[in-house]
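# Observations on the model geometry
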Amino acid sequence: MYCHLHKNQGPKKVEVWKLETDDKGDKNQGSAKSDQFLQQCRIKAPLIRICANLAHQCRVSGPTTLKIKNCHSFGVQKQLQAPLRKEDRGEGFLYVYEVDGNKGFVKIRYTPRSINERHDEWSFHCNRLTKPIYPPVFNVNTAVPNAASVEKLWYAKLTHRNTRIYCSGCLELHIEWFEVPPSEVIAVIEKWSKWMRPHPCQTNPVDPSNIWALRPEEEQKSKDIGRFMKGIAQLLPDRQRLENLRTGKHKSIFAPPPSPARKSSQPGILLDPNDKLEEEQLPGYSPEDFYPVKIGDVFQSRYQVAGKLAFGGHSTVWLCRDLEQHAYVTLKVYERDPSHARREKDVYKHLRNVESSHTGSMLVRRAMDDFQISSAGYAHSYQCFVHPPLAMSLCELRTRTIDGVLPEDLLKSTLIHLLLALDFLHTEAKIVHTSMIFLILIVKPRTLLEFPIDPISDIQEDNVLLSVEDESILVDFEEAESSSPGPRKVVGDRVIYSSRDLGMPKVHGRPILSDFSEARFSSSLGKQWEDVQPFVYRAPEVILRMPWNEKIDIWNIGALAWDLFEKKRLFYVRDSYRNVSDSHHLAGMIAIMGAPPKEMLRNSDYAMKFFDSDGNWIGTAEIPSISMEKLEDNLRDTEQSLFLCFMRKMLQWQPEGRASAKELLADPWLKST
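These figures come from a predicted structure and were not determined experimentally.

## Some details on the overall build of the protein chain
What the protein chain contains, in helices and strands, is 20 helices and 25 strands. A total of 673 residues make up the protein chain; the buried ones form 53% of that total. Once local pairs closer than 6 in sequence are excluded, the contacts in the protein chain between residues at least 24 apart make up 69%. Total accessible area on the protein chain is roughly 31000 Å²; 50% of this is exposed by carbon and sulfur atoms.

Put into structure tokens, the structure is as follows:
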């Protein structure tokens, strides 16, 4: 449905008009001032676009041509010459985001508060996840002077793209949306922010207490608005830099200079060199396998190590200060030449090239940077990844609850986030995570290791981490490590540090699906079996050594959901001697799901160790007398039935019997409140 000037035009004419509006928007600066505003009404789902306030004069010339004269430069000129009032003079942060289901439209605003805080308010109020466009990471930004005035200037510049949208989430009309490509809106923000940074305004001598105005030289320039706009355009970065800004690979052109590196902390408590500490306890540990990171080290002339967060079966993880972006990041340093690092690097590269508006794309951890470092003498190389910092894991969150399990409403929220991430990986990125929860062992500080570590079986929800919404926990971490260094041991020129916990945040962030060191591309999966997944979360086809696909992730998340919500394990994978036992694992599956289909067993040579030719159980372990109904102890009646129905959609013998992530998101139990 269109405005009165266009409703009688044919579809081709309307499309020509729309294209010319976009194409000529920047070519007609300084043209005649428009004397009317047109409204264009079109329905967009799931958000509804009510009208676009187009600052154009549209006139029909001939039977087939629509000529459009743009006048937004005059709107900019009017805004420039308007007095800068007191309420417009505060510092603020500029941000842009989009939402799933409304591709091609962006929301542009400024806020004097934290961008994260404002972003969460909008997400909560409208019940929609937002995807940041500028700045790419909400906690990496620099305050801009006179931010409200900058906002008015870019509104004047983009007024011909302004769109009002009716939101079905909050049942309100949103007016700050624009139909504009991300690269263009970033260009507008960057150039006007850079122009405002040297303070082109001064106190008005007539009313110095309340109103400011343009400096005389700037006011003179603005009288020739065409030339003035060309000068503003010269403030733009080049095309590649704009793309880097859009994807988060480069700092803003008006960011302050890099911070100087800080001096490293004084030595903490020195432990006995003969005692094994942290990664030294890993089976097969060799000092040459791990790069000797030291607190205070600076990598790439940019990332300074503030402290040790954790260690894993193949890596160590450190909190660092990004001296250029003035922000905290996480540095993951892999052991020398592991296949895990190469695989993870390939996945991150692939994810960077996936253009998607899927909400789940924001719930998958990305690499902000990656590089390699070499040992002394360049004998070995070590792959490094830089990530946005994350806070506590689901395991830590669960253990802090009263009963040691997640409440039902928190479990539902967590599963929705993980299923969204999984749906994005499966349908758009075409990636199988394979070991969604425990790709590497993350051993927290002061863990007592009473038996040899199994890197993928004994830690549970530690690889789903919550995003950082309260940055004070990072500041406190760095200050604590500086003022009261943690225990460490020194062996030659190598220092082994004890990891330090992050504090309890005031606000918990969203669950983020992390670590892709065992991920596989769907296109690479063939008819051959490959040993993947943590022991306790292995799908039946993985145990039976059969080819598998993305449905092993669905099994994985089903087993995880149970462990997050229930006090008793669903499956036990070890015998009485604590050895991994496929027989015990399969026996537990039979107790929960019944006997496997015979056609499935006929396709597995390995199954003959546990089943006879008729599909009867011959394994060494006894089938336990259990069921999900007997083990489930948190819900009653209808709620329990709905929950168990949800579980059975994931826990199926055959992959084709399991629901997809998208189907699970529509499940009645998951959607119930």
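What follows picks up the thread again.
## Observations concerning the side chain of Ser604
With respect to the helices, strands and loops of the structure, Ser604 is situated in the loop between helix H16 (598-602) and helix H17 (628-631). Residue Ser604 is classed as buried on the basis of its relative accessible area, which comes to 2%. At a separation of 3.1 Å, a polar atom in the side chain of Ser604 contacts the main-chain amide nitrogen of Ala607. Excluding residues within four positions of it along the chain, Ser604 makes contact with Leu544 and Met546.

## Some thoughts on empty space enclosed by the protein
Per the stated rule, a full pass over the model turns up 5 cavities of 30 Å³ or more. Roughly 70 Å³ of volume is contained in the second largest cavity. In this structure, the second largest cavity is lined by 13 residues; those nearest its centre are Glu279, Tyr291, Val293, Val495 and Ile496. The set of elements that each furnish at least two residues to the lining of the second largest cavity consists of strand E15 (315-322) and strand E23 (494-497).

## Concerning the sheet that holds strand E19 (residues 390-393)
In space, the 3 strands of this open sheet follow the order E19-E21-E24, with antiparallel pairing throughout. Looking at the sheet topology across the chains shown, the edges are occupied by E19 and strand E24 (508-513). Ignoring which end each strand starts from, the neighbouring axes of this sheet average 40 degrees apart. Pairing of E19 with strand E21 (residues 464-468), which is carried by 2 bridges, proceeds in the antiparallel orientation. By the bridge assignment for E21, Ser393 is matched with Leu465. Its contacts with the sheet place helix H11 (residues 408-429) against E21 and E24, and it is angled at close to 35 degrees to E24.

## Examining the layout of surface pockets
Unfilled space is identified by rolling a water-sized probe across the atoms. Roughly 1200 Å³ of internal volume is contained in the second largest pocket. In terms of lining, the second largest pocket is formed by 35 residues, of which the most central are Asn127, Ser413, Ile416, His417 and Arg510. Breaking the lining of the second largest pocket down by element, the ones donating at least two residues are helix H3 (115-126), helix H10 (394-399), H11, E24 and helix H19 (661-665). Considering every element that reaches the lining of the second largest pocket, the biggest residue donor is H11, with 10 residues.

## What to know about the nonpolar core
Counting residues in hydrophobic clusters, the biggest one holds 84 residues, and the most contacted among them are Leu351, Leu425 and Phe643. For this core, the two domains that each supply at least three residues are domain 2 (262-445 + 458-524) and domain 3 (525-672). Residues contacting Leu351, with those up to four places away along its chain left out, are Val364, Arg366, Phe424, Leu425, Ala429 and Ile431. Counting residues in each nonpolar core, the second largest holds 32 residues, with Val150, Val185, Ile186 and Ile225 among its members.

## Brief notes about the sheet that holds E15
An order of E13-E14-E15-E16-E18-E17 is seen for the 6 strands of this open sheet, with the pairing classed as antiparallel. The sheet is open, and its two borders are formed by strand E13 (298-299) and strand E17 (369-374), each paired with just one other strand. Bridge analysis of strand E16 (residues 327-336) against strand E18 (residues 381-387) gives 5 bridges, and the strand direction is antiparallel. Across the sheet, the residue bridging to Thr330 is His387, located in E18. Packing against the sheet, helix H9 (residues 339-352) makes contact with E16, E17 and E18, and its axis sits at approximately 40 degrees to E18. Most of the contacts of helix H12 (residues 472-483) go to strand E14 (residues 303-311), to which it runs at about 95 degrees, and overall it touches E14, E15 and E16.

## Quick look at the packing of aromatic side chains
Tallied over the entire structure, the rule returns 18 aromatic pairs. Ring centres of Tyr97 and Trp177 lie 6.1 Å apart, and the angle between their planes is 85 degrees; on these two criteria the pair is classed as edge-to-face. Taken together, the residues Tyr97 in strand E6 (residues 93-99) and Trp177 in strand E10 (residues 172-179) connect sequence positions 80 residues apart. Pair check on accessibility: Tyr97 and Trp177 agree, each one buried. When the ring of Tyr291 is compared with that of Tyr382, the centres are 5.4 Å apart and the planes differ by 70 degrees; the resulting orientation is edge-to-face. Taken as a pair, Tyr291 in the loop between helix H8 (239-247) and E13 and Tyr382 in strand E18 lie far apart in primary sequence, 91 residues in all. One exposure class covers both Tyr291 and Tyr382, and it is buried. Positioned over the ring face of Tyr606 is Arg545, at 3.8 Å from the centre of the ring.

## Focus: the packing of helix H14 (residues 551-565) against helix H18 (residues 637-648)
As a packed pair, H14 and H18 sit with axes 9 Å apart at the nearest point and diverge in direction by 145 degrees. Contact residues: H14 offers Gly558, Ala561, Trp562 and Phe565, while H18 offers Phe643, Leu644 and Met647. Across the contact of H14 with H18, the residue classes break down as 6 nonpolar, 1 polar and no charged.

## Considering the pairing of E18
Side-chain direction in a regular strand flips from residue to residue, so the side chains alternate between the two faces of the sheet. Within E18, 6 of the 7 residues are buried, which leaves it mostly tucked inside the rest of the structure. Judged from the 6 bridges that link them, E17 and E18 form a sheet pairing that is antiparallel. Each bridged residue has a counterpart across the sheet, and for Ile373 the counterpart in E18 is Tyr382. In textbook terms, the turn of a hairpin is the stretch between consecutive antiparallel strands, and for E17 and E18 this stretch comprises 6 residues, one of which, Gly377, has a positive phi near 80 degrees.

Criteria and cut-off values
- Residues numbered from 1 in each chain as written.
- Predicted model: local features only at pLDDT ≥ 70, side-chain atom pairs only at ≥ 80, totals over all residues.
- Heavy atoms only, no water.
- Helix = DSSP H or I, 4+ residues; strand = E, 2+ residues; numbered from the N terminus.
- Buried < 20%, exposed > 50% of the residue type's maximum accessible area, 1.4 Å probe, protein only.
- Contact = heavy atoms within 4.5 Å.
- Areas by Shrake-Rupley, 256 points an atom, 1.4 Å probe, with all protein chains shown as cover.
- Polar contact = N/O pair within 3.5 Å; in protein donor to acceptor, adjacent residues only side chain to side chain.
- 1 Å grid on protein atoms, 1.4 Å probe; cavity = no way out; pocket = protein on both sides within 12 Å on 5 of 7 lines; lining within 4 Å.
- Points joined across faces, edges and corners; volume = space filled by probe spheres on them.
- Pairing = 2+ DSSP bridges.
- Axes fitted to C-alpha atoms, helices over the stretch in contact; angles between N-to-C directions.
- Core = buried A, V, L, I, M, F, W, Y, C linked by side-chain atoms within 4.5 Å.
- Domains from an automatic or database assignment.
- Phe/Tyr/Trp six-rings, centres within 6.5 Å; stacked < 30°, edge-to-face > 60°.
- Lys NZ or Arg CZ within 6 Å of the ring centre and 35° of its normal.
- Nonpolar A, V, L, I, M, F, W, Y, C, P; charged D, E, K, R; others polar.

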